[in-house]
Amino acid sequence: MTATRVLVLNSGSSSLKYQLLDMADRSRLAVGLVERIGEESGRIRHTLVHGPQGRERARETTGPVPDHRAALEAVAGELARDGMGLDSPELAAVGHRVVHGGKRFTEPTLIDTAVVDEIERLSPVAPLHNPANLIGIRTAQKLRPDLPHVAVFDTAFHSTIPEAAARYAIDVETADRHRVRRYGFHGTSHAYVSRAAAKLVGKDPSEAHVIVLHLGNGASASAVRGGRCVETSMGLTPLEGLVMGTRSGDLDPAVVFHLMRVGGMSADEIDDLLNKRSGLVGLCGDNDMREIRRRVDAGDEAAALAFDIYVHRLRKYIGAYYAVLGRVDVVAFTAGVGENSAPVRAAALAGLEGLGLAVDERLNAAPGDGPRVVSPPHMPVAVAVVPTDEELEIAAETYELVAGVRQRL
Ligand SMILES: Nc1ncnc2c1ncn2[C@@H]1O[C@H](COP(=O)(O)OP(=O)(O)O)[C@@H](O)[C@H]1O
Ligand SMILES: CC(=O)OP(=O)(O)O
Ligand SMILES: [Mg+2]
């Protein structure tokens, strides 16, 4: 029997997303999410995709999940209950999302101790992500030391960004000594969505100019020319760029010195402020766009201002990336907010008909869960909603590395 299954682990700061896929036909066998890791009560939602009678069957378990190691052990238990445990001989590899790969990792990489050390060395520049990714790697390696474990890096797709966009305008020697440059994140999503968006509008990805707006809890934009990323909004860390759920995105760097000198805050306090208590949550107390829209509709002023600030930043990036690309074939919205919030898409593009950009009110508001065009047919630039699939992309890249079979769409 050839082993064709890949388990994908996507460890976030307080969550663990996972999927078990069969790469013989790219089918999904099980998907799940462990939430509120480290909090008083955690939750595991596990869905067996091909349950009895071919139907989906979901189970939910609540209880404390103290850390990422316990989370992964719980996931292994759930999979074992469905007869697909980590001991299965059908498992070919484990694919791990790793957020920061620095300059060294520009391709999916087989994990050995040197790779683990390098991911650890990069933890200070992805403090919410790399440490969690590492626990996932170490725990999974303990459970299946015989399997290939592959790291797929968020930063990899952005390694093609030209120096003019990747460098900050600071003293070159200092920047190089401390490896300060723009790396970019959410790369597997930008890669997958830019290709899918090009195909959706009948273009060959190698010729298409695409702007991807990945709007989840973390959010980033990218400009992709002919399948290669040429610009992205996140930088040295996943803090730069768009307004996010809890992160500020762009600000004058002097804000930091001001808060230190005048506000008496320490570097760690400011780090915490900008990463965890800013963005939508800092502006109005909520980071969920559904709740913010509910409050806006009820006349809440703080929520309305937070929404406007979020959308204003997004419009600036769309305009900037239009200029970077020169011409645009498709603007693709993806991730939790991008896929689900019609008001964000409409507000971000309102009044941009002069750039060839508009959404069709009816198409934009219509529910749907597949890739779809939401601009009027006569407009020169297509606007699309393209659900991202970071786990499928990670599985495909992992399988390609271990089995030598190309499975990316
Ligand atoms: N139906 C919806 N309408 C508007 N926003 C939504 C909806 N569903 C999810 N979201 C937004 O998507 C966010 C989560 O996006 P997601 O891509 O899953 O983020 P992450 O991977 O960073 O956890 C939520 O915080 C919420 O703001
Ligand atoms: C890099 C990053 O911001 O990831 P996430 O959106 O999963 O937090
Ligand atoms: Mg995400």
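Our subject is the structure that appears above.
As the structure is a computational prediction, the values presented were derived from the model and not from experiment. (Residues numbered from 1 in each chain as written. Chains lettered and ligands numbered in written order. Predicted model: local features only at pLDDT ≥ 70, side-chain atom pairs only at ≥ 80, totals over all residues. Heavy atoms only, no water.)

1. A closer look at the pattern of salt bridges
Pairing of side chains with opposite charge becomes possible as their charged atoms draw close. Evaluation of the coordinates by the stated rule reveals 30 salt bridges. Linking Arg 57 and Asp 82 is a salt bridge whose minimum nitrogen-to-oxygen distance equals 3.1 Å. Taken as a pair, Arg 57 in strand S5 (residues 57–63) and Asp 82 in the loop between helix H1 (68–81) and strand S6 (91–98) lie far apart in primary sequence, 25 residues in all. Notably, a salt bridge pairs Arg 327 with Asp 329, separated by 2.8 Å at the nearest N-O pair. Each member of the salt-bridge network shares a partner with another, and the members are Glu 35, Arg 43, Arg 45 and Glu 60. (Salt bridge = Lys/Arg side-chain N within 4 Å of Asp/Glu carboxyl O. Helix = DSSP H or I, 4+ residues; strand = E, 2+ residues; numbered from the N terminus.)

2. So, the site of ligand 2
Taken together, Arg 97, Val 99, His 129, Asp 154, Phe 185, His 186, Gly 218, Met 234, Pro 238 and Arg 247 are the residues near ligand 2. In the environment of ligand 2, an oxygen atom lies 3.1 Å from a nitrogen or oxygen atom belonging to the side chain of Arg 97. For ligand 2, an oxygen atom lies 3.4 Å from a polar atom in the backbone of Gly 218. Within the complex, the protein chains bury 83% of what would otherwise be the 260 Å² of accessible surface of ligand 2. For the shell around ligand 2, the class distribution of residues is four nonpolar, three polar and three charged. (Near = heavy atom within 4 Å. Polar contact = N/O pair within 3.5 Å; in protein donor to acceptor, adjacent residues only side chain to side chain. Areas by Shrake-Rupley, 256 points an atom, 1.4 Å probe, with all protein chains shown as cover. Nonpolar A, V, L, I, M, F, W, Y, C, P; charged D, E, K, R; others polar.)

3. Observations regarding the packing of helix H2 (residues 113–121) against helix H3 (residues 130–143)
The geometry of H2 relative to H3 is characterised by a closest axis approach of 9 Å and an angle of 160 degrees between their N-to-C directions. Our classification of the angle between H2 and H3 gives roughly antiparallel. For the pair H2 and H3, the sense of crossing is left-handed. Judged by residue contacts, Val 116, Ile 119 and Glu 120 of H2 engage Asn 130, Leu 134, Ile 137 and Arg 138 from H3. (Axes fitted to C-alpha atoms, helices over the stretch in contact; angles between N-to-C directions. Parallel < 35°, antiparallel > 145°, perpendicular 65-115°, else oblique. Left-handed = near helix turned anticlockwise from the far one by under 90°. Contact = heavy atoms within 4.5 Å.)

4. Looking at helix H13 (residues 342–349)
Those residues of H13 that fall on the buried side of the exposure criterion are Ala 342, Val 344, Arg 345, Ala 348 and Leu 349. One face of H13 carries all of its buried residues, which in axial projection span an arc of 165 degrees. One or two positions beyond H13, positive phi appears at Gly 351, with a value near 80 degrees. (Buried < 20%, exposed > 50% of the residue type's maximum accessible area, 1.4 Å probe, protein only. Arc of directions from axis to C-beta.)

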